[in-house]
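One-letter residues, chain by chain:
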Amino acid sequence: MPNQPRTPKQNMRIPTDRWKAFANSAAKMATDRTKIVNQFIAWYNREPGAELPHRPPASPTSGDTGQSG
């Protein structure tokens with residue numbers, strides 16, 4: 001079949017405001033949510049060569065201080 005996706009669509013429950021913010025963050029990194037989620041899952045599953053996705057810089061309103069802990 002033409003235009004058939006290579007992978008099946010999966011469903012997840014995510015609050016709308018978080019999903020929209022995620023789209024904005026992905027766009028700042030010139031990527032999309034699907035690529036980031038796939039990269040994170042590969043890293044989480046410890047797949048060979050998988051790396052944690054990069055995040056955009058923290059904004060003053062994000063509540064992220066850039067420090068882990």
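Being a predicted model, the structure only gives us computed values, none of them experimental.

1. A look at helix α2 (residues 33-44)
1) Next: With 12 residues, α2 extends 16 Å between its outermost C-alpha atoms, agreeing within 8% with the 16 Å of an ideal straight helix rising 1.5 Å per residue.
2) Next: Its side-chain oxygen placed 3.0 Å from the backbone nitrogen of T34, D32 serves as the N-cap of α2.
3) Next: R46 lies just past α2 and shows a positive phi near 60°.

2. So, the packing of helix α1 (residues 16-28) against α2
1) Next: Packing of α1 against α2 leaves a shortest axis separation of 9 Å and a crossing angle of 95°. One element, α1, and the other, α2, form an angle in the roughly perpendicular class. Facing α1, whose interface residues are W19, K20, F22, A23 and A26, α2 presents R33, I36 and V37.
2) Next: Looking at the contact of α1 with α2 residue by residue, the classes come out as 6 nonpolar, no polar and 2 charged.

Definitions and limits used
Residues numbered from 1 in each chain as written. Predicted model: local features only at pLDDT ≥ 70, side-chain atom pairs only at ≥ 80, totals over all residues. Heavy atoms only, no water. Helix = DSSP H or I, 4+ residues; strand = E, 2+ residues; numbered from the N terminus. Expected span 1.5 Å × (residues − 1). Polar contact = N/O pair within 3.5 Å; in protein donor to acceptor, adjacent residues only side chain to side chain. Axes fitted to C-alpha atoms, helices over the stretch in contact; angles between N-to-C directions. Parallel < 35°, antiparallel > 145°, perpendicular 65-115°, else oblique. Contact = heavy atoms within 4.5 Å. Nonpolar A, V, L, I, M, F, W, Y, C, P; charged D, E, K, R; others polar.

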